[in-house]
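# Results of the structural survey
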Amino acid sequence: MQYLLMIHGDESAMQQARKEDMQGMLAAYNSYTQAMKDAGVHRAGERLHPSSNATVVRASNGKTSVLNGPYAEIKEQLGGYYVIEAADLDAAIGWAARCPGAQFGAIEVRPIWPM
Amino acid sequence: MTEAREAASRTATRVARESYGKLVAFLAAPGRDVPGAEDALSEAFASALENWPTRGVPDNPEGWLVVAARRRMLDFARRRRGAEAASDALAMIGEELDDAAASEGPIPDRRLALMFACAHPAIDEAIRAPLMLQTILGLDAAAIASAFLVSPAAMGQRLARAKAKIKLAGIPFRIPETDELAERLGAVLEAIYAAFAHGWAEAFADDPRGRNLAEEAVWLGRVVVALSPEEPEALGLLALMLYADSRRAARRDSSGSYVPLSEQNPALWSEVAIAEAEAALRIAGAKRRPGRFQLEAAIQSAHAARRQTGVTDWPSIAALYETLFALTGSPVVAVNRAVAVANAHGAAAGLRLLESAGAAGRLEGYQSFWAARADLQARVGDAGAVDSYRRAIGLESDAATRAFLLRRLSAMEAETSNKSKF
């Protein structure tokens, strides 16, 4: 099965982080991504720019609206994601628990709907 | 013909009782498809009742039902072919079922794996016990709903959602690895105990179905013990439920009124149930891995000892509650500890403990807190008991217990008015 791991975290804390902490975090993410690749579970994964760069688009009732900012103003924003191939939810939870972001924020694990 | 029909129906009923969960677990495991397995199995049972009277009951009824149910599952999958994932899973079921049918041996018992799926941390805690009662024992939503105080429709919806999550989120049918086994088994045992507690509350209601959730929970407890005999907490839970069950006949007097444990006649306790509980607790204790359920069972064992000694060893019970409270920090345990301390070392000491447990405010809506408070206040001559009795009565859902508390309240009121007169 495929799962989407959504990495939610406090953006302002990230932006205020010291440079060496930030470097440590990036190194941790590199190792984590590599471990997923070595295990053959990694399908995709990207880091996102902060939600201040987000735009929300709707096209309801024939009218398109474009709004500045993220979909929801919440403290912990989506900061990145992985798509993994895992045997079952326990395996996916195992990978989510190893994500460096889990230490500071929350990882939402969602099964991908096969088309 | 009628005889054949009766024999077929008897066999089907027996197999349903003994093998239902095993067959659901076996059919559902490969595709994690619980609703599919349940539907197919109920159709298989229906066709058994049609076929067996004329063709005779098969030598291996379980195997017959599995083959029939599997045919239904394949038919159903063919009808909605296109979903690749489904056909992969079905191919797996097919292979496994062929093996099982070919060998004509016993169906592998995956009920424990199914229970771990039902009590998975991704499943809402409140639905775990109903889910087990339905998938392992085949109880319908309506039978479960009333014990859990929700409408049958709402219970049906919640069960359906949980089963959908098992399939869609990929919750595995597996016994967890050693490092997380204790915690996950704890969730399974908690769910069984919740089923027992909910059933216990209505253990005296006349159930037209003749099935009571407390008995069903004991059955689930036996299944867990049989499938994981090395787990002391599983034995502890079984012992705990059996001790409670042993007092069933003593909990009501001849007029149906509630009798508190301290006033029960031990001669009415079931010797058979107590002996079985004692044996389970002894085996658990020998494993030297104490836990919450073993401690609770040990407390009940101490109560049961009154059968031989004629007195209750409150100091030992208070000490056991102390240990249990240190382990769980549960406010419910805090109430029971206070009562035990009151009986061992005086009502005033117990009341002090109870007040400090209630100070956190978590017990405002907890009936047993107010009942215990009322009793201890009455024992130290505190007029606040009247108010506490009223709170306890307002929170009680069982009519017999409510009547008992009302009697206590009026006795208390009579006593205070007498005192003011003289």
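Residues numbered from 1 in each chain as written. Chains lettered and ligands numbered in written order. Predicted model: local features only at pLDDT ≥ 70, side-chain atom pairs only at ≥ 80, totals over all residues.

### Topic: the overall build of chain B
Scanning chain B from N- to C-terminus turns up 20 helices and 0 strands. For chain B, buried positions account for 42% of its 422 residues. (Helix = DSSP H or I, 4+ residues; strand = E, 2+ residues; numbered from the N terminus. Buried ≥ 20, exposed ≤ 12 C-beta atoms within 10 Å, placed from the backbone.)

### Things to note about the overall build of chain A
A tally of helices and strands in chain A yields 3 helices and 6 strands. Across its three principal directions, the C-alpha atoms of chain A cover 45 × 45 × 20 Å. When burial is assessed residue by residue, chain A has 17% of its 115 residues classed as buried.

### Quick look at helix α8 (residues 152-168) of chain B
Residues and elements named next belong to chain B. Here α8 is 17 residues long and its end C-alpha atoms lie 24 Å apart, about the 24 Å a rise of 1.5 Å per residue gives. Inspection of α8 places Met 155, Arg 158, Leu 159, Ala 162, Lys 163 and Ile 166 among the buried residues, and these make up the whole buried set. Take α8 and look down its axis: the buried residues cluster within an arc of 135°, on one side only. In α8, those exposed residues whose orientation departs by more than 90 degrees from the buried face are Ala 153, Ala 154, Arg 161 and Ala 164. Buried-residue contacts for α8 involve α2 (34-55), α5 (111-118), α6 (125-137) and α7 (141-147). Following α8 by one or two positions, Gly 170 has its phi on the positive side, about 75°. (Expected span 1.5 Å × (residues − 1). Arc of directions from axis to C-beta. Contact = placed C-beta atoms within 7 Å.)

### Details of the interface of chain B and chain A
Taken together, the contact pairs 7 residues of chain B with 6 residues of chain A. Partitioned by chemical class, the residues of the side of chain B that touches chain A number 6 nonpolar, 1 polar and no charged. (Nonpolar A, V, L, I, M, F, W, Y, C, P; charged D, E, K, R; others polar.)

### Looking at unusual backbone geometry
The phi torsion at A:Asn61 lies on the positive side, around 50°, for a residue other than glycine. Along the chain, A:Asn61 falls in the loop between β3 (55-60) and β4 (63-68). Notably, B:Arg32 is not glycine yet its phi reads approximately 55°, a positive angle. Tracing the sequence through the fold places B:Arg32 in the loop between α1 (2-28) and α2.

### Some points on the pairing of strand β1 (residues 2-10) of chain A
Two faces make up the sheet, and in a regular strand the side chains alternate between them. Residue and element names in this part refer to chain A. Only one face of β1 is buried: it carries Tyr 3, Leu 5, Ile 7 and Gly 9, and the other face, with Gln 2, Leu 4, Met 6, His 8 and Asp 10, is open. Where β1 and strand β5 (residues 76-85) come together, 9 bridges link them in antiparallel fashion. The residue bridging Leu 5 from the neighbouring strand is Tyr 82, located in β5. (Pairing = 2+ DSSP bridges.)

### Concerning the environment of B:Ser417
All names here are of chain B. Along the polypeptide, Ser 417 turns up in helix α20 (residues 399-421). By the C-beta count within 10 Å, which is 9 here, Ser 417 ends up exposed. Spatially, the C-alpha atoms of Ser 417 and Arg 248 are 37 Å apart, while their sequence positions differ by 169 residues.

### As for the nonpolar core
Residue and element names in this part refer to chain B. Counting residues in hydrophobic clusters, the biggest one holds 139 residues, and the most contacted among them are Leu 27, Met 132, Ile 192, Ala 195 and Ala 239. The element contributing the most residues to this core is helix α11 (residues 232-246), with 10 residues. With near-sequence residues (within four places) excluded, Ile 192 lies in contact with Met 132, Ala 217, Leu 220, Gly 221, Val 224 and Leu 237. (Core = buried A, V, L, I, M, F, W, Y, C linked by C-beta atoms within 7 Å.)

### Observations regarding the pairing of β4(A)
Of all 6 residues in β4(A), 0 are buried; the element is thus mostly exposed. Connecting β3(A) to the next strand, β4(A), in antiparallel fashion are 2 residues, including A:Asn61 with a positive phi near 50°.

### Quick look at the packing of α11(B) against helix α13 (residues 292-304) of chain B
Residue and element names in this part refer to chain B. It is at 8 Å that the axes of α11 and α13 come closest, and there the two elements cross at 35°. In terms of crossing hand, the pair formed by α11 and α13 is left-handed. Across from Pro 232, Glu 233, Gly 236, Leu 237, Ala 239, Leu 240, Tyr 243 and Ala 244 in α11, the residues of α13 making contact are Phe 293, Gln 294, Glu 296, Ala 297, Gln 300, Ser 301 and Ala 304. Split into classes, the residues belonging to the contact of α11 with α13 amount to 9 nonpolar, 4 polar and 2 charged. (Axes fitted to C-alpha atoms, helices over the stretch in contact; angles between N-to-C directions. Left-handed = near helix turned anticlockwise from the far one by under 90°.)

### Things to note about the confidence of the model for chain B
Regions with low pLDDT carry predicted coordinates that are not meant to be interpreted in detail. All names here are of chain B. Per-residue pLDDT for chain B averages 88, and the proportion of residues at 70 or more is 90%. Counting interchain partners and residues more than four positions distant, the pLDDT-below-50 stretch residues 206-210 has 2 contacts. Overall fold confidence for the complex sits at a pTM of 0.81, while the interface term, ipTM, reaches 0.74. (pLDDT = per-residue confidence, 0-100.)

### Regarding the sheet that holds strand β6 (residues 106-111) of chain A
All names here are of chain A. Here 4 strands make up an open sheet; going across it, the order is β2-β5-β1-β6 and the pairing antiparallel. Strands at the two margins of the open sheet, each flanked by one partner only, are β2 (42-47) and β6. Across this sheet, the average inter-strand angle for adjacent strands is 20°, counted without regard to direction. The sheet contact formed by β2 and β5 spans 5 bridges and is antiparallel. Its bridge partner lying in β5, Arg 47 is registered against Gly 80. In this fold helix α2 (residues 19-38) packs onto β2 and β5, with an angle of close to 165° to the strand it touches most, β2.

### Here we look at the packing of α1(B) against α6(B)
Residues and elements named next belong to chain B. Contact geometry of α1 with α6 gives a least axis separation of 6 Å together with a crossing angle of 100°. In terms of their interaxial angle, α1 and α6 are classed as roughly perpendicular. Two secondary-structure elements touch here, α1 through Tyr 20, Gly 21 and Val 24 and α6 through Thr 135, Ile 136 and Leu 137. For the contact of α1 with α6, the per-class residue count stands at 4 nonpolar, 2 polar and no charged. (Parallel < 35°, antiparallel > 145°, perpendicular 65-115°, else oblique.)

### Focus on the environment of B:Ala44
All names here are of chain B. Along the polypeptide, Ala 44 turns up in helix α2. For Ala 44, a count of 22 C-beta atoms within 10 Å gives the class buried. Between the alpha carbons of Ala 44 and Arg 5 there is a distance of 16 Å; along the sequence they are 39 residues apart. In this view, Ala 44 contacts Leu 65, Ala 68, Ala 69 and Arg 72; residues no more than four positions away in its chain are not counted.

### Focus on the environment of B:Leu213
All names here are of chain B. Assignment of secondary structure puts Leu 213 in helix α10 (residues 213-227). Assessed through the 29 C-beta atoms surrounding it within 10 Å, Leu 213 is described here as buried. With sequence-adjacent residues up to four places away left out, Leu 213 is seen in contact with Leu 133, Ala 147, Ala 195, His 198 and Gly 199.

### So, helix α18 (residues 367-379) of chain B
Residues and elements named next belong to chain B. For α18, with 13 residues, the first-to-last C-alpha span of 19 Å sits near the 18 Å given by 1.5 Å per residue. For α18, a buried count of 10 out of 13 residues is recorded, marking the element as mostly surrounded by other parts of the structure. When α18 is considered as a whole, its buried residues turn out to be Phe 369, Trp 370, Ala 371, Ala 372, Arg 373, Ala 374, Asp 375, Leu 376, Gln 377 and Ala 378.

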